[in-house]
Amino acid sequence: MILLVFVGFLGSGKTTLILDLARQLAADGRRSCIIVNEVGEIGIDQQVLAESGMPVRELVAGCICCQITVDLITTLQEVAAAFAPDIVLVEASGVAAPPAILEALSYYPGERFAAVHTVAVVDPTRFEALHEVLQPLIESQIAAADRIVITKIDEAGVAQVAETERTVRRLNTGAPVDQVSPGHSLELSALLPGAYPKRGR
Ligand SMILES: Nc1nc2c(ncn2[C@@H]2O[C@H](COP(=O)(O)OP(=O)(O)OP(=O)(O)O)[C@@H](O)[C@H]2O)c(=O)[nH]1
Ligand SMILES: [Mg+2]
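Residues numbered from 1 in each chain as written. Chains lettered and ligands numbered in written order. Predicted model: local features only at pLDDT ≥ 70, side-chain atom pairs only at ≥ 80, totals over all residues. Heavy atoms only, no water.

**Student:** Give me the nonpolar core: which residues, what numbers.
**Tutor:** The biggest cluster of nonpolar side chains holds 32 residues, and the ones touching the most others in it are Leu76, Val88, Ile101, Leu105, Ile142, Ile148 and Val168. Broken down by element, the residue count for this core peaks at four residues, all from helix H4 (residues 72-83). Other than its neighbours up to four places away in sequence, isoleucine 101 contacts Val5, Val7, Leu72, Ala92 and Ala96. (Core = buried A, V, L, I, M, F, W, Y, C linked by side-chain atoms within 4.5 Å. Buried < 20%, exposed > 50% of the residue type's maximum accessible area, 1.4 Å probe, protein only. Helix = DSSP H or I, 4+ residues; strand = E, 2+ residues; numbered from the N terminus. Contact = heavy atoms within 4.5 Å.)

This is the structure:
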């Protein structure tokens, strides 16, 4: 079971990104599971998924939406037992940072995860303002992430995106940085090149 954990401040675009990746996974016949905070929100998005042309049957088989209100470990145990997913996409609460999540995951009693990747989701339209007032939180989310995704590049100005990218690269010199917008998805094969080889079809 591969875990992809998405952190990022409130409204940064985590759910949007997760659903986009879930669509790619479902289209590719992968067994995936989404763990999010707000089930109501996903309810609407399920409709969007169904309307995207994907058979609803495949949606049900390929993408299961669960609630994380109880506790991450319990939820992971439940989805592992019920669905044996290949990949679990976890949306962390807006104020969580990777170290705390990895600490929580260390208590998972089941089979070891094949991989755990943390992705920091950054909204360039609000980055500078948030960074100023919430510096420790924002910096800990970025510094400890394996990958950084800058969202809303359709909405942000070019200079805003460039400035955000400069700052996140300074805060985390090792992680790849991607830019996404509704028309420009993050590819799973880029996110998990080893575990998710691009299949020729
Ligand atoms: N223009 C634009 N809007 C986006 C993009 N990604 C997300 N949004 C919008 O930004 C808002 C917040 O997106 P969500 O995906 O719900 O963000 P989130 O991080 O899951 O939010 P919380 O769960 O509330 O913390 C929604 O209105 C999205 O439609 C993007 O790439 N471009
Ligand atoms: Mg969300």
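This is not the end of the story, as more comes after the structure.
**Student:** How would you sum up the pairing of strand S6 (residues 147-150)? Please name residues and give values.
**Tutor:** Side-chain alternation along S6 places Arg147 and Val149 on one buried face and Ile148 and Ile150 on a second face that is also buried. Note that strand S5 (residues 115-122) and S6 share four bridges and pair parallel. Across the sheet, valine 119 pairs through a bridge with arginine 147, a residue of S6. Direction of pairing for S6 relative to strand S7 (residues 177-179): parallel, over a ladder of three bridges. Residue pairing across strands places isoleucine 150 opposite glutamine 179, the latter belonging to S7. Following the chain from S6 across helix H8 (residues 158-171) to the adjacent parallel S7, one finds a crossover that is right-handed. (Pairing = 2+ DSSP bridges. Right-handed = clockwise from strand over helix to strand, strands pointing away.)

**Student:** So what about empty space enclosed by the protein? Which residues, and what values?
**Tutor:** It is a probe the size of a water molecule, rolled over the atoms, that shows where empty space is left. Applying the stated criterion to the full structure yields one cavity of 30 Å³ or more. For the largest cavity, the calculated volume is near 110 Å³. What lines the largest cavity is a set of 14 residues, among which Phe9, Val121, Val122, Phe127 and Ile138 lie closest to the centre. Going through the elements one at a time, S5, helix H6 (127-133) and helix H7 (135-143) are the ones with two or more residues in the lining of the largest cavity. Looking at side-chain class alone, the lining of the largest cavity contains nine nonpolar, three polar and two charged residues. (1 Å grid on protein atoms, 1.4 Å probe; cavity = no way out; pocket = protein on both sides within 12 Å on 5 of 7 lines; lining within 4 Å. Points joined across faces, edges and corners; volume = space filled by probe spheres on them. Nonpolar A, V, L, I, M, F, W, Y, C, P; charged D, E, K, R; others polar.)

**Student:** Quick rundown of the coordination of the magnesium ion (ligand 2)? Include the residues and the values.
**Tutor:** Around the magnesium ion (ligand 2), the protein contributes the donor atoms Thr15 (OG1) and Glu91 (OE), at 2.0 to 2.2 Å from the metal centre. Of the two residues, threonine 15 is situated in helix H1 (residues 14-27) and glutamate 91 in strand S4 (residues 87-91); the sequence distance between them amounts to 76 residues. (Donors = N, O, S within 2.8 Å, 3.2 Å for Na, K, Ca; no water.)

**Student:** Tell me about the confidence of the model for the chain, and name the residues and values.
**Tutor:** Confidence in the prediction for the chain averages 79 pLDDT; 78% of positions are at 70 or higher. Least confident of the elements in the chain is helix H3 (residues 56-62), whose mean pLDDT is 29; most confident is H8, at 98. Predicted confidence for residues 39-44 stays below pLDDT 50, and this span has seven contacts to residues more than four positions away or in other chains. The low-confidence segment residues 52-70, where pLDDT is below 50, has 43 contacts with residues more than four positions distant or belonging to other chains. (pLDDT = per-residue confidence, 0-100.)

**Student:** Describe the side chain of threonine 15, listing the residues and the values that go with them.
**Tutor:** Classification of threonine 15 as buried rests on a relative accessible area of 8%. Among the polar contacts made by the side chain of threonine 15, one reaches the side chain of glutamate 91 at a distance of 2.6 Å. (Polar contact = N/O pair within 3.5 Å; in protein donor to acceptor, adjacent residues only side chain to side chain.)

**Student:** I'd like to hear about H8, residue by residue, with values.
**Tutor:** With 14 residues, H8 should cover 20 Å at 1.5 Å per step; its first-to-last C-alpha distance of 20 Å lies within 8% of that length. Buried residues in H8 make contact with S5, H6, H7, S6 and S7. (Expected span 1.5 Å × (residues − 1).)

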